[in-house]
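Working through the structure, step by step
One letter stands for each residue in the lines below.
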Number of protein chains: 2
Amino acid sequence: MPEPVVRVEYLPWAEGEIDWQRPYTTDEEKMALAVNISRLNVKHQPGEPFGAAVFRADTGRLISIGMSQVVRGKNSVLHAEVVAIMMAEHQLQVYNLRVAGHPYELFTSCEPCAMCLGAIHWSAVTRLVCGATREDAQGIGFDEGPVFPESYSYLAARGVEIVREVLRMEAKSVIQEYLASGGLVHNRV
Amino acid sequence: MPEPVVRVEYLPWAEGEIDWQRPYTTDEEKMALAVNISRLNVKHQPGEPFGAAVFRADTGRLISIGMSQVVRGKNSVLHAEVVAIMMAEHQLQVYNLRVAGHPYELFTSCEPCAMCLGAIHWSAVTRLVCGATREDAQGIGFDEGPVFPESYSYLAARGVEIVREVLRMEAKSVIQEYLASGGLVHNRV
């Protein structure tokens, strides 16, 4: 019986690839980082084609990153957005990003699944920026769960600014390369 | 800067309180365990009033438990259901419970929030049993996120049997005791 401890951490390849010092200014620069993480995650198999990052919105400082680790980590919860949120809160030592006292934004290379959209709600980020669409992920077979237009309205009504399809084509191409390279589409059925 | 590693584990009080050897037979016995976990979590402050457990459905064997660790763990993702799912997959060394080759069921002391409902989708449990209702959690102020009747229909259409309001009053009483004892209702706003 394995010891009942799950360790959530960045993958070793992230060490030399992420520039933590530079400020990230535009939405395109921030999304380019999330998409690059998704690409590196696919390159270092087995990694699903999804990347995310949390920034402090007012300074452009990179707080955390996330990459999907479902198959590698044997953990269906470890989607890119969940990893980025856990790491941001760990970094700042807060139970949500509101209590950290500044605005934070989450960039994700693909629109969130049902779980991640709920995690984004609890994280208290003030802005969500997405690359590829739900249809792009579902197009290669991922069953993204119960997300409806009303799900986004619910977050928007609580003050979350939502921006979609930033660098969509770049993000979508990584998703399609994943399938072409034989990547596993893990689903419940 | 804290080392970027998040450890997810059971809380120390669980060591002497959980009977891992006995078979659990009825829905009421299984729910009684989830509710007892929620009660113990509140008793050992700071713990939110939510407990969960994963059982192998065909044998009644207890696979994992979960307790909400948001404030204690400084981690908005660590709801009871998420902890139970992560621990079950870690225990069985699988990326979802379908690939473990047997039917598994999740018992939760309260209907899942949006994040946990999505996590339940990915976990591939075949049965979800709930105690208290969404309204019971929202009644003390928790903002449970975008869950709609269609969210449950989505899971049901993929073969998840859903049972609600098992030992609801017992589960609800723990939620209300939490508020009365000054427990923190963490929300995004």
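Residues numbered from 1 in each chain as written. Chains lettered and ligands numbered in written order. Predicted model: local features only at pLDDT ≥ 70, side-chain atom pairs only at ≥ 80, totals over all residues.

**Things to note about the overall build of chain A**
- Across its full length, chain A holds 8 helices and 6 strands.
- Reading chain A from its N terminus to its C terminus gives the helix and strand order β-α-α-β-β-α-α-β-α-β-α-α-β-α.
- Taken against the 2.2 N^0.38 rule, which gives 16 Å for 189 residues, the C-alpha radius of gyration of chain A at 15 Å falls within 12% of a compact globule.
- Its C-alpha atoms give chain A principal-axis dimensions of roughly 40 × 40 × 35 Å.
- Among the 189 residues that make up chain A, the fraction classed as buried is 53%.
- Of the contacts made within chain A by residues no fewer than 6 positions apart, 65% connect residues no fewer than 24 positions apart. (Helix = DSSP H or I, 4+ residues; strand = E, 2+ residues; numbered from the N terminus. Rg over C-alpha atoms; globule rule 2.2 N^0.38 Å. Buried ≥ 20, exposed ≤ 12 C-beta atoms within 10 Å, placed from the backbone. Contact = placed C-beta atoms within 7 Å.)

**Points about the relation of the copies chain B and chain A**
- Between chain B and chain A, which share one sequence, the superposing operator has a rotation angle of 180° and an axial displacement of 0.0 Å; the RMSD is 0.0 Å. Considering both components of the superposition, the chain copies are consistent with a two-fold axis.
- Taken together, the interface assignments show that 100% of the residues at the interface of chain B recur at the interface of chain A, consistent with an identical surface on both copies. (Least-squares fit on C-alpha atoms with pLDDT ≥ 70 in both.)

**Things to note about the packing of helix 2 (residues 27-43) of chain A against helix 8 (residues 168-180) of chain A**
Residues and elements named next belong to chain A.
- In the contact formed by helix 2 and helix 8, the axes pass within 9 Å of each other and the chain directions differ by 10°. Between helix 2 and helix 8, the angle is such that the two are roughly parallel. Facing Val 35, Ser 38, Arg 39 and Val 42 of helix 2, the residues of helix 8 in contact are Glu 170, Ala 171, Val 174, Glu 177 and Tyr 178.
- Along the lines of polarity and charge, the residues of the contact of helix 2 with helix 8 split into 5 nonpolar, 1 polar and 3 charged. (Axes fitted to C-alpha atoms, helices over the stretch in contact; angles between N-to-C directions. Parallel < 35°, antiparallel > 145°, perpendicular 65-115°, else oblique. Nonpolar A, V, L, I, M, F, W, Y, C, P; charged D, E, K, R; others polar.)

**Here we look at the sheet that holds strand 5 (residues 127-132) of chain B**
Residues and elements named next belong to chain B.
- With respect to topology, 5 strands assemble into an open sheet ordered 3-2-4-5-6, the strand pairing being mixed. Strands with a single pairing partner mark the edges of an open sheet, and in this sheet they are strand 3 (62-67) and strand 6 (161-163). Between one strand axis and the next, the sheet turns by 15° as a mean value, whatever way the strands run.
- Sheet analysis places strand 4 (residues 104-110) next to strand 5, joined by 5 bridges and oriented parallel. Across the sheet, residue Cys 110 finds its bridge partner in strand 5, namely Ala 132. (Pairing = 2+ DSSP bridges.)

**Considering the pairing of strand 5 (residues 127-132) of chain A**
Residues and elements named next belong to chain A.
- The buried fraction of strand 5 is high, at 5 of 6 residues.
- Taking the sense of rotation as the criterion, the β-α-β connection linking strand 4 (residues 104-110), helix 5 (residues 114-123) and strand 5 turns out right-handed.
- For strand 5 and strand 6 (residues 161-163), the ladder comprises 3 bridges, and the chain directions are parallel. Bridging from a neighbouring strand, Val 129 pairs with Val 163 of strand 6. (Right-handed = clockwise from strand over helix to strand, strands pointing away.)

**Concerning the interface of chain B and chain A**
- On the side of chain A, 48 residues touch chain B, which itself brings 48 residues to the contact.
- Looking at the side of chain B that touches chain A, the elements that each hand over two or more residues are strand 1 (5-9), helix 2 (70-73), helix 3 (80-92), helix 4 (114-123) and helix 6 (149-157) of chain B.
- The greatest single-element share of the side of chain B that touches chain A, amounting to 8 residues, is contributed by helix 4 of chain B.
- Both strand 1 (residues 5-9) of chain A and strand 1 of chain B contribute to a ladder of 5 bridges, which runs antiparallel. From the neighbouring strand, Glu 9 of chain A faces strand 1 of chain B, where its bridge partner is Val 5 of chain B.

**Overview of the environment of Gly 183 of chain A**
Residues and elements named next belong to chain A.
- Tracing the backbone shows Gly 183 in the segment after helix 8.
- Sequence separation between Gly 183 and Val 42 is 141 residues, and the spatial gap between their C-alpha atoms is 8.1 Å.
- Beyond its immediate sequence surroundings of up to four residues, Gly 183 is in contact with Val 42, Glu 48, Pro 49 and Tyr 178.

**Considering the sheet that holds strand 4 of chain A**
Residues and elements named next belong to chain A.
- Taken together, the 5 strands give an open sheet; going across it, the order is 3-2-4-5-6, and neighbouring strands pair in mixed fashion. Of all the strands in the sheet, the pair left with one neighbour each is strand 3 (62-67) and strand 6. On average, each strand axis in the sheet is tilted by 15° relative to the strand beside it, whichever way the strands run.
- Packed onto the sheet, helix 4 (residues 80-92) meets strand 2 (51-56), strand 3 and strand 4 and runs at close to 145° relative to strand 3.

**Brief notes about the environment of Pro 103 of chain B**
All names here are of chain B.
- By secondary structure assignment, the location of Pro 103 is in the loop between helix 3 and strand 4.
- Measuring from C-alpha to C-alpha, the distance between Pro 103 and Asp 58 comes to 6.7 Å, with 45 residues separating the pair along the chain.
- Residues contacting Pro 103, with those up to four places away along its chain left out, are Ala 57, Asp 58 and Thr 126.

**Here's the deal with the confidence of the model for chain A**
- Averaged over chain A, the pLDDT score is 96; the fraction of residues at 70 or greater is 99%.
- Across the whole predicted complex the pTM is 0.98, and at the interface the ipTM reaches 0.97. (pLDDT = per-residue confidence, 0-100.)

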